[in-house]
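Residue-level listing of the chains:
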Amino acid sequence: MRRRDREVVGLEHILAILDKCEIIRLGLSTDNKPYIVPMNFAYEVIDDQVTIYLHCAPEGRKIDMIAQNHNVCFEADCAYRTLDAPAACEWAAEFESVIGEGTISIVAEETQKIHGLDLLMKRYGFVGKPQYQPNQLAAVTVLQIFVSTIAGKRKRKA
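Residues numbered from 1 in each chain as written. Predicted model: local features only at pLDDT ≥ 70, side-chain atom pairs only at ≥ 80, totals over all residues. Heavy atoms only, no water.

A. Quick look at the overall build of the protein chain. The secondary structure content of the protein chain amounts to four helices and eight strands. The order of helices and strands in the protein chain, counted from the N terminus, is β-α-β-β-β-β-α-β-β-α-α-β. Overall, the C-alpha framework of the protein chain stretches about 60 × 40 × 30 Å when taken along its three principal axes. For the protein chain, with 158 residues in total, the buried portion stands at 38%. Nonlocal contacts in the protein chain, meaning residues at least 24 apart in sequence, comprise 71% of its contacts between residues at least 6 apart. On the protein chain, the mean spot of the 19 positive side-chain charges and the mean spot of the 21 negative ones are 7 Å from each other. (Helix = DSSP H or I, 4+ residues; strand = E, 2+ residues; numbered from the N terminus. Buried < 20%, exposed > 50% of the residue type's maximum accessible area, 1.4 Å probe, protein only. Contact = heavy atoms within 4.5 Å. Lys, Arg positive; Asp, Glu negative; His and termini not counted. Charge placed at Lys NZ, Arg CZ, Asp CG, Glu CD.)

B. Looking closely at helix α3 (residues 110-123). For α3, with 14 residues, the first-to-last C-alpha span of 20 Å sits near the 20 Å given by 1.5 Å per residue. Among the residues of α3, those classed as buried are Lys113, Gly116, Leu117, Asp118, Leu119 and Leu120. For α3, the elements touching its buried residues are β4 (42-46), β5 (49-56), α4 (134-138) and β8 (141-155). The first or second residue beyond α3 is glycine 125, which carries a positive phi of 110°. (Expected span 1.5 Å × (residues − 1).)

C. Quick peek at the pairing of β4. Inspection of the sheet shows β4 paired to β5 by five bridges, in the antiparallel sense. Of the residues in β5, the one forming a bridge with tyrosine 43 is isoleucine 52. What sits between β4 and β5 in their antiparallel hairpin is a turn of two residues, with aspartate 47 showing a positive phi close to 50°. (Pairing = 2+ DSSP bridges.)

D. View of the confidence of the model for the protein chain. Per-residue pLDDT for the protein chain has a mean of 91; in total, 94% of the residues score no lower than 70. Put simply, strand β1 (residues 7-8) is where the protein chain has its lowest mean pLDDT, 74, and strand β2 (residues 24-30) is where it has its highest, 98. (pLDDT = per-residue confidence, 0-100.)

E. Just the packing of aromatic side chains, in detail. Applying the stated criterion to the full structure yields zero aromatic pairs. The ring of phenylalanine 41 is capped by arginine 123, whose NZ or CZ atom sits 4.0 Å from the centre of that ring. In this structure, arginine 123 packs its charged tip against the face of tyrosine 124, placed 5.4 Å from the ring centre. (Phe/Tyr/Trp six-rings, centres within 6.5 Å; stacked < 30°, edge-to-face > 60°. Lys NZ or Arg CZ within 6 Å of the ring centre and 35° of its normal.)

F. Here's a closer look at helix α2 (residues 61-68). Residues of α2 that are buried: Lys62, Ile63, Met65 and Ile66. Taken end-on, α2 shows its buried residues confined to a sector of 165°, consistent with a single buried face. Residues of α2 that are exposed and point more than 90 degrees away from the buried face comprise Ala67 and Gln68. (Arc of directions from axis to C-beta.)

G. Molecular detail of the pattern of salt bridges. Counted by the stated rule, this structure contains five salt bridges. A salt bridge links lysine 20 to glutamate 96; its shortest N-O distance comes to 2.8 Å. Remark: glutamate 96 occurs in strand β7 (residues 92-106) and lysine 20 occurs in helix α1 (residues 11-20); sequence separation between them is 76 residues. The shortest N-O distance in the salt bridge between glutamate 75 and arginine 25 comes to 2.9 Å. Separated by 50 residues along the polypeptide, glutamate 75 in strand β6 (residues 71-83) and arginine 25 in strand β2 bring together distant segments of the chain. Each of Lys20, Glu96 and Arg154 takes part in a single network of salt bridges with overlapping partners. (Salt bridge = Lys/Arg side-chain N within 4 Å of Asp/Glu carboxyl O.)

H. Layout of the side chain of glutamate 44. Looking at the element boundaries, glutamate 44 is found in strand β4. We note that glutamate 44 is buried and unpaired, the nearest opposite charge coming from lysine 122 at a distance of 9.8 Å. Of note is the side chain of glutamate 44, whose polar atom sits 3.1 Å from the side chain of tyrosine 53. For glutamate 44, the side chain forms a polar contact with the side chain of histidine 115, separated by 2.8 Å. (Polar contact = N/O pair within 3.5 Å; in protein donor to acceptor, adjacent residues only side chain to side chain.)

The following block contains the structure:
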């Protein structure tokens, strides 16, 4: 990271930023062509391994790209606020962000798929234990990112 003064140190602090973010942007690439898409997400940490869960339709551009290249990147940001100033080049912004890389796969095993969906439902406010009908489970794909690198960055008003 070029600006060490803005680096967020410690996994718990990075995850605290991620908790504030509403969406994550997933970056995919195939045939030397990048693709980025905003998505709902949830995550869990087991033995310092961060795993991010996403959901989508069972077919489409994301699925095609994942089949060709399992390497992904992601970005999430929040707390953005423009800081104006008298001179144009003095303007700035406050923000918090998380960026990382990992490998993505489609969750095939049904109990793990339900686990990912449960995490997503809980993250976005569902109370209790969600129930899924077989046709609903068949109509959704759950993706899993095993995070290999993750970093946080923050800028606050001086």
